2 protein chains.
Amino acid sequence: MRADAKANHDHLLVVAGTVITEHGVDASMRDIARRAGVGLATLLRHFPTRESLLEAMLRTSFDELTTKAAEVETTSPPADALLAWLRDFVACTTNYRGVVTSMVNAIEDPESALHDSCVTMRAAGTRLLTRAQAAGAARTDIDGADLFALAASLAWLGDQPALEPRVERLFGVVMGAVLVKG
Amino acid sequence: MRADAKANHDHLLVVAGTVITEHGVDASMRDIARRAGVGLATLLRHFPTRESLLEAMLRTSFDELTTKAAEVETTSPPADALLAWLRDFVACTTNYRGVVTSMVNAIEDPESALHDSCVTMRAAGTRLLTRAQAAGAARTDIDGADLFALAASLAWLGDQPALEPRVERLFGVVMGAVLVKG
DNA sequence: ACCTGAACACCGTTCAAGT
DNA sequence: ACCTGAACACCGTTCAAGT
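Rules used in this analysis
- Residues numbered from 1 in each chain as written.
- Chains lettered and ligands numbered in written order.
- Predicted model: local features only at pLDDT ≥ 70, side-chain atom pairs only at ≥ 80, totals over all residues.
- Heavy atoms only, no water.
- Contact = heavy atoms within 4.5 Å.
- Buried area = accessible area lost by both parts, 1.4 Å probe.
- Salt bridge = Lys/Arg side-chain N within 4 Å of Asp/Glu carboxyl O.
- Polar contact = N/O pair within 3.5 Å; in protein donor to acceptor, adjacent residues only side chain to side chain.
- Helix = DSSP H or I, 4+ residues; strand = E, 2+ residues; numbered from the N terminus.
- Nonpolar A, V, L, I, M, F, W, Y, C, P; charged D, E, K, R; others polar.
- Near = heavy atom within 4 Å.
- 1 Å grid on protein atoms, 1.4 Å probe; cavity = no way out; pocket = protein on both sides within 12 Å on 5 of 7 lines; lining within 4 Å.
- Points joined across faces, edges and corners; volume = space filled by probe spheres on them.
- Least-squares fit on C-alpha atoms with pLDDT ≥ 70 in both.
- Phe/Tyr/Trp six-rings, centres within 6.5 Å; stacked < 30°, edge-to-face > 60°.
- Buried < 20%, exposed > 50% of the residue type's maximum accessible area, 1.4 Å probe, protein only.

(A) A look at the interface of chain A and chain B. At the interface, 28 residues of chain A touch 27 residues of chain B. Here chain A and chain B share an interface that buries about 2400 Å² over both sides, 70% of which is from carbon and sulfur atoms. Considering only the side of chain A, the residues that lose the most area to chain B are Trp156(A), Arg166(A) and Val173(A), jointly responsible for 23% of the buried surface there. Put simply, chain A and chain B have six salt bridges between them. A salt bridge links Arg169(B) to Asp146(A); its shortest N-O distance comes to 2.4 Å. At the surface where chain A touches chain B, the tally comes to six residue pairs in polar contact (both at pLDDT 80 or more). Elements that contribute at least two residues to the side of chain A that touches chain B include exactly helix 6 (99-106), helix 8 (144-159) and helix 9 (167-178) of chain A. Tallying contributions element by element places helix 8 of chain A first for the side of chain A that touches chain B, with eight residues. A per-class count over the side of chain A that touches chain B returns 17 nonpolar, four polar and seven charged.

(B) Main features of the protein's contact with DNA strand C. In the vicinity of DNA strand C lie 20 residues, with Arg2(A), Asn8(A), Thr42(A), Arg45(A) and Arg30(B) positioned nearest. Here DNA strand C approaches the protein such that, of its atoms within 4 Å, sugar and phosphate make up 60%. The side chain of Arg45(A) places a nitrogen or oxygen atom 2.3 Å from a phosphate oxygen of DNA strand C. The backbone of Met29(B) places a nitrogen or oxygen atom 2.9 Å from a phosphate oxygen of DNA strand C.

(C) Just the layout of surface pockets, in detail. Of the volumes computed, that of the largest pocket is approximately 840 Å³. Looking at the largest pocket, it is lined by 29 residues, and the ones nearest its centre are Asp26(A), Gly98(A), Thr101(A), Asp26(B) and Thr101(B). Residue composition of the lining of the largest pocket, grouped by class: six nonpolar, 14 polar and nine charged. Approximately 310 Å³ is the volume found for the second largest pocket. Taken together, 15 residues form the lining of the second largest pocket, with Gly176(A), Ala177(A), Lys181(A), Ala177(B) and Lys181(B) sitting closest to its centre. Of all elements in the fold, only helix 9 of chain A together with helix 9 (167-178) of chain B reach the threshold of two or more residues within the lining of the second largest pocket. Broken down by element, the lining of the second largest pocket gets its largest block of residues, four residues, from helix 9 of chain A. Split by residue class, the lining of the second largest pocket holds eight nonpolar, three polar and four charged.

(D) Inspection of empty space enclosed by the protein at higher detail. Counted by the stated rule, this structure contains three cavities of 30 Å³ or more. Its boundaries defined by the atoms lining it, the largest cavity holds a volume of some 70 Å³. As for the largest cavity, its lining consists of Trp85(A), Leu86(A), Phe89(A), Met121(A), Arg122(A), Gly125(A), Thr126(A), Gly144(A), Leu147(A), Phe148(A) and Ala151(A). Residue assignment for the lining of the largest cavity shows that the elements contributing at least two residues are helix 5 (78-94), helix 7 (115-134) and helix 8 of chain A. Across the lining of the largest cavity, the residue classes tally to seven nonpolar, three polar and one charged. Looking at the second largest cavity, its volume works out to about 60 Å³. Taken together, Trp85(B), Leu86(B), Phe89(B), Met121(B), Arg122(B), Gly125(B), Thr126(B), Gly144(B), Leu147(B), Phe148(B) and Ala151(B) make up the full set of residues lining the second largest cavity. Going through the elements one at a time, helix 5 (78-94), helix 7 (115-134) and helix 8 (144-159) of chain B are the ones with two or more residues in the lining of the second largest cavity. Among the residues making up the lining of the second largest cavity, the classes are represented as seven nonpolar, three polar and one charged.

(E) View of the relation of the copies chain A and chain B. The operation relating chain A to chain B is a screw motion whose rotation component is 180°, with 0.0 Å of axial translation and a residual RMSD of 0.0 Å. What the superposition gives is, in effect, a two-fold axis relating one chain to the other. The share of interface residues of chain A whose copies in chain B are also at the interface is 96%, consistent with both copies meeting through the same surface.

(F) Just the packing of aromatic side chains, in detail. For the coordinates displayed, the defined rule picks out five aromatic pairs over all chains. Aromatic side chains Phe89(A) and Phe148(A) sit 6.2 Å apart centroid to centroid with 50° between the ring planes, which places their arrangement in the tilted category. One end of the pair, Phe89(A), is in helix 5; the other, Phe148(A), is in helix 8, and 59 residues separate them in sequence. Classification of Phe148(A) by relative accessible area gives buried; the value is 7%. When the centroid spacing of 5.9 Å and the interplanar angle of 15° are considered together, the rings of Trp156(A) and Trp156(B) count as stacked.

Spelled out as C-alpha cells, the structure:
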C-alpha cells in the first residue's frame, strides 16, 4: 500500500469510529468520507461495504476480547470468568449503537466481513460456558449459541436510550438464570 | 372524511401491513404508496410520520392485547396469566420486524404516535407482574419497566433470522428468572 | 497506484397546482 | 376536501477521467 493510501486508510478508521459512536452503525458513509476530507469513492474503495468498515474498526476490540477470554479462563473461577467476559462483550458492542444487530446478521452469512469475528466471539463465549457447565456452575440445557443470543439481546438493550439504565440489573437477572445457584 | 379519502385510508393500512410484514418497519414509504396505487404525498397526508402509520396499523392488535390482559387476569393463576400474555406480546410485535425497536424509542417520547400504545402495553404487563408478585409467584426486585425491557429484548431476538429459532427456549430461560419457583 | 467528480436510482419532505 | 407531480436535499453504487 502506498504511503498516502495508508494514511487515508488509518485516518478513515479514526473518523469512522467518531462518527459511528455519534450516529450509530447506520451513519452516512458520505458523512464519514466528508469528515475525513476524502471523496466518498475513496472510502468505498478502502472499505467496499459498511460491514468491512465495521470489521476493521472493531478488530482491535475483538482481538482484546479473545485474549481476555483465554486469560480469565485460567485466572478466574468458571462462573466469575463467564460473567466478567460477557460483561466486557456487552460493554464493547454497546460502544457503537446498532453494531450488535450487524453482528447477529453476519453470523450465518459467511460472505459478510463481520462473519469471522462473530464466530470467534461465539466460540470464546462457548468455551467459558462449557467450562462453567463442567464445573456444575451453569445450567446444561443451553449451548453457546443460546448464550450468544442472550448476550446480544442484552447488548441491544444497551443500545436503546430508554432501556439502557436497566441493562446492568437485567444483566444480573438473565445471567442469574444461566448460572446454577451454588 | 370524504368517502374516497376513507377508502384510501383503509386501503393504505392493508397495503402497509403487507409491505411491512415483507420488508420490516423501515420499508419504503414510496413503495407502500406505489403498491396502494396513490401518490406518495397522499400517504403522507393520511399518516404524516412513519410512526403514525405504524400506530394505525397496530392499533387493533394492541387493543386485543389490552383486552386479553384483563381477561387472563381474572381467568388464570398469576404466573400462567403473566406468561401467556407476554408470549402473546412477543408474538404480536414479532409479526412486524423492527417494530419493537420503534416502540421502545417511543416510550419516552410523548410526541411519538406510538407513545400511548407503548405506555398502555407496559401498564398491562405491570398489572400482571404486580399480581404475580403479590401471590409470591414472581420475584419482587424488578418492576414493570424491567419486564417491558425483557419482553422487548425477546421480541428483538425474534426479529433476527439467525436467532429466531431459539426465542421459544430463551423465553423460558428468561421468564424462569422472573418467576419464583414454587 | 490511487483518488475523485459526476451520473444514477433511490429515499422522505414540502408545496404549488389541479379536480 | 382531497389528490398529485415536481423540486429538493439526501443516500449508496458505479465508473470514466485525472494525477
